[in-house]
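One letter stands for each residue in the lines below.
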Amino acid sequence: MKNILIVEDYQIIRLATKILVQDLYKTAVIREATTFNEALSELAVHPQDLVILDVQIPEGRGFEMIGAMRAVQKHVNILIFSAIEERVYGIHYLRAGANGFVSKNSETADIRTAILSIADTGRYVSPRIKVELLNQLDKQNYRADNPLLDLSAREITIMDMLIDGFWIKEIASRLDLTESSVSTYKARLFEKLHVTTLIEMFQKVSHYKDMD
């Protein structure tokens, strides 16, 4: 019998995911959470075989969510199931410790494959992410056609927060960094993306995310 936690704030997506899981595992015990704190509370009480996690839920913490969940249940499998750009974010979530990443834009068959693969092997890598990983292994010839792919997980987190309108002081507080460190990250982002203002960065990031 499988114990599966679905962490999703949209009811219709939560229901559709639950139906898909029930079709795969008839006797599964399925629990639900609509915020990240609710998910942590569920993990503290109920051992889970798999967490299906949308990282854009309320109270979410980006890449740090993986470590926070593992601090509660060390060996829980985590499948990221999100609408964020797979090519930009997928590899970073795998490096952060997630067992797999599947886009909400994927075909139902691919979502089923992701769930079954993690249940069988503890790992799922989509064909798209697999190609990007293979490209990055060839470091001598690799040149990303999308500069967002060259950013670190921390740079992506700060980039997203800047674009969402957070001030440097707020970012520093939320990420437990000094304000000077956040300013350094901001300057590095401007350099890597070849921009001089937040408006330019927003426009460029929107352009490159649309490439996914």
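Residues numbered from 1 in each chain as written. Predicted model: local features only at pLDDT ≥ 70, side-chain atom pairs only at ≥ 80, totals over all residues. Heavy atoms only, no water.

Within the protein one finds 10 helices and five strands. Whereas a compact globule of 212 residues would reach a radius of gyration of roughly 17 Å, the protein reaches 18 Å, a difference of no more than 12%. Summarising its shape, the C-alpha atoms of the protein cover approximately 55 × 40 × 30 Å along the three principal directions. Expressed as a percentage of its 212 residues, the buried residues of the protein come to 44%. Here the contacts in the protein between residues at least 6 apart in sequence split such that 63% fall between residues at least 24 apart. Accessible surface, the protein: about 11300 Å² in total, of which carbon and sulfur atoms supply 50%. In the protein, which carries 25 positive and 29 negative side-chain charges, the distance between the mean positions of the two groups comes to 4 Å. (Helix = DSSP H or I, 4+ residues; strand = E, 2+ residues; numbered from the N terminus. Rg over C-alpha atoms; globule rule 2.2 N^0.38 Å. Buried < 20%, exposed > 50% of the residue type's maximum accessible area, 1.4 Å probe, protein only. Contact = heavy atoms within 4.5 Å. Areas by Shrake-Rupley, 256 points an atom, 1.4 Å probe, with all protein chains shown as cover. Lys, Arg positive; Asp, Glu negative; His and termini not counted. Charge placed at Lys NZ, Arg CZ, Asp CG, Glu CD.)

Cross-referencing UniProt, the feature "modified residue: 4-aspartylphosphate" (unreviewed entry) maps to Asp 54 in the present numbering. Counting through the fold element by element, Asp 54 comes out in the loop between strand E3 (50–53) and helix H3 (64–72). Using a relative accessible area of 3% as the deciding quantity, one classes Asp 54 as buried. There is a polar contact of 3.0 Å between the side chain of Asp 54 and the backbone nitrogen of Gln 56. (UniProt positions renumbered as here; feature names shortened; annotations may be inferred. Polar contact = N/O pair within 3.5 Å; in protein donor to acceptor, adjacent residues only side chain to side chain.)

Moving on, we get to the environment of Leu 151. With respect to the secondary-structure elements, Leu 151 resides in the loop between helix H6 (127–137) and helix H7 (153–163). A C-alpha to C-alpha distance of 20 Å links Leu 151 and Gly 100, two positions 51 residues apart in sequence. Leaving out residues up to four positions away in the same chain, Leu 151 has contacts with His 92, Ile 156, Met 159, Leu 189 and Lys 192.

This brings us to the UniProt feature "domain: Response regulatory" (unreviewed entry) in the protein. Per the UniProt annotation, the sites labelled "domain: Response regulatory" (unreviewed entry) are residues 3–119. The span residues 3–119 shows a helical share of 47% and a strand share of 21%, and its end C-alpha atoms are spaced 11 Å apart.

Enumeration according to the criterion identifies two aromatic pairs in this entry. Geometrically, the ring pair formed by Phe 63 and Tyr 93 is tilted, given 4.4 Å between the ring centres and 40 degrees between the ring planes. With Phe 63 in the loop between E3 and H3 and Tyr 93 in helix H4 (residues 86–95), the pair connects residues that are 30 residues apart, well separated along the chain. The residues Phe 63 and Tyr 93 share a single accessibility class, namely buried. For the pair Tyr 93 and Phe 101, a centre-to-centre distance of 6.4 Å together with 35 degrees between the ring planes defines the contact as tilted. Per residue, the accessibility class of Tyr 93 equals that of Phe 101, and both read buried. Grouping aromatic residues by their ring pairs yields a cluster made of Phe 63, Tyr 93 and Phe 101. In this structure, Lys 104 packs its charged tip against the face of Phe 81, placed 6.0 Å from the ring centre. (Phe/Tyr/Trp six-rings, centres within 6.5 Å; stacked < 30°, edge-to-face > 60°. Lys NZ or Arg CZ within 6 Å of the ring centre and 35° of its normal.)

Time to look at the nonpolar core. With 48 residues, the main nonpolar core has Leu 53, Met 69 and Tyr 93 as its most contacted residues. Counting residues in each nonpolar core, the second largest holds 18 residues, with Val 21, Leu 24, Ala 28 and Ile 111 among its members. (Core = buried A, V, L, I, M, F, W, Y, C linked by side-chain atoms within 4.5 Å.)

This part is about a nonpolar patch on the surface. A grouping of Tyr 10, Ile 12, Leu 15 and Ile 19 is seen on the molecular surface, where their side chains present a nonpolar patch of about 450 Å² in accessible area. In this structure, Tyr 10 sits in the loop between strand E1 (3–7) and helix H1 (11–24). Taking relative accessible area as the criterion, Tyr 10 reaches 52% and is therefore assigned exposed. (Patch = residues over 30% accessible without salt bridge, like charges linked within 9 Å, V, L, I, M, F, W, Y side chains within 5 Å. Salt bridge = Lys/Arg side-chain N within 4 Å of Asp/Glu carboxyl O.)

What follows deals with H7. Among the 11 residues in H7, eight count as buried, and that is most of the element. For H7, the full list of buried residues reads Glu 155, Ile 156, Thr 157, Ile 158, Met 159, Asp 160, Met 161 and Leu 162. Of the surrounding secondary structure, the elements contacted by the buried residues of H7 are H4, helix H8 (168–175), helix H9 (179–193) and helix H10 (198–209). At the exit of H7 stands Gly 165, carrying a positive phi of roughly 100 degrees.

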